[in-house]
Amino acid sequence: MPRAVPLDKILTQGTTYTTHEREAWIIKKLGTNSSTRGYVKIDGKETTYIHTTAAPVHKTSSNLLGPINLGNLYLVVPPETDISWEGASGSILRVVGTKLILSPGESLEASLMDRFNRQPNEYIYVIEDSYSHGTDTAWTAGDENEVVSLTPKTIEKYVLDSVVMADISNTASAVSEGQFVITFYLDNNPLENITGDNINAGIDVLSMPRPPADSTEEMPFSLESFPIAVEGDHTLSIRCKNVSGSDISPTSGTSITVTVTAVAKFFRKP
């Protein structure tokens, strides 16, 4: 039986690391300070795309998410295997989990090798995109615009079953509850297709903090209990709508901008 010890290491972008011949890593959590999306490369193969908004290095008052939990899409680095962080220049990756120290001649168990073989095609993927409404252009009441469009290839699938975050910038006055909502569509059909009188579809933007913080909203919005599966050749659309009943203007010389970030599971048929 291998001996288990804590794994909590910092990897630096631009450096390739190689495990010892009697060492294996089981990575359960990841965190980075890269503001742009990067990926983990293991044995020369890409897996697990994250950035600091969804997966910070530490849990702090300004980002209460902390390192992202990979769940059953954990990563395995067998003995004598290269691992590197392909993120923004100079950024770091924190890897947290279990380090196994093998006895001489001992092999890694079959279930871990199976996960190692599957991880280039099954991993966590942070989806993110922005919509810019136009410089000095007011967002009219009732207007809905697409922020994220996701269409997997035929052999791919995404499952959104975790945190979804949104923010709006450059409004002339601070955004308040009841002004903007985020809505979800599959193949142009709204997921929330029935609402009562004077009730808006969607989730209020301020209830989807990006990221959750002690100065705004500490509780993240999650689809854990309401997963959205996006199969190959189908399209998920995430949109933002002004439900305030009034036009909303940008700060002079700027454009109202909406950004949506969602943590998804990615699957690809090998």
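Source: prediction; values computed, not measured.

Looking at unusual backbone geometry
Working step 1: Along the chain, R210 connects to P211 via a cis peptide bond; the corresponding omega equals -10°.
Working step 2: Of note, the phi angle at E80 is positive, near 55°, even though the residue is not glycine.
Working step 3: In this fold, E80 is placed in the loop between β7 (75–77) and β8 (82–86).

A closer look at the nonpolar core
Working step 1: By size, the foremost hydrophobic cluster in this structure holds 35 residues, and its most contacted members are I127, Y158, L160, I182, C240 and V260.
Working step 2: Listing elements by their share of this core, those giving two or more residues are β10 (122–132), β11 (144–150), β12 (156–169), β13 (180–186), β16 (228–231), β17 (236–242) and β18 (257–268).
Working step 3: Leave out the neighbours within four places in its chain, and I127 touches R37, V148, L150, Y158, L160, V260, T261, A262 and A264.
Working step 4: One finds V40, I42, A54 and L100 within the second-largest nonpolar core, a separate group that totals 33 residues.

Details of the environment of E23
Working step 1: Relative to the helices and strands, E23 is located in strand β3 (residues 23–32).
Working step 2: You can call E23 buried: its relative accessible area is 11%.
Working step 3: Taking the C-alpha atoms as reference, E23 lies 8.7 Å from V77; in sequence the two are 54 residues apart.
Working step 4: The contacts of E23, once residues within four sequence positions are left out, are V77, P78, P79, K99 and L100.
Working step 5: Here H20 takes part through its backbone nitrogen, which lies 2.8 Å from a polar atom of the side chain of E23.
Working step 6: At a separation of 2.8 Å, a polar atom in the side chain of E23 contacts the side chain of W25.

Focus on helix α1 (residues 110–118)
Working step 1: Those residues of α1 lying buried are L112, R115 and F116. On an axial view of α1, the arc spanned by its buried residues comes to 105°, and they lie on one face. Of the residues in α1, the exposed ones pointing more than 90 degrees away from the buried face are A110 and N117.

Scoring rules and cut-offs
Residues numbered from 1 in each chain as written. Predicted model: local features only at pLDDT ≥ 70, side-chain atom pairs only at ≥ 80, totals over all residues. Heavy atoms only, no water. Helix = DSSP H or I, 4+ residues; strand = E, 2+ residues; numbered from the N terminus. Core = buried A, V, L, I, M, F, W, Y, C linked by side-chain atoms within 4.5 Å. Buried < 20%, exposed > 50% of the residue type's maximum accessible area, 1.4 Å probe, protein only. Contact = heavy atoms within 4.5 Å. Polar contact = N/O pair within 3.5 Å; in protein donor to acceptor, adjacent residues only side chain to side chain. Arc of directions from axis to C-beta.

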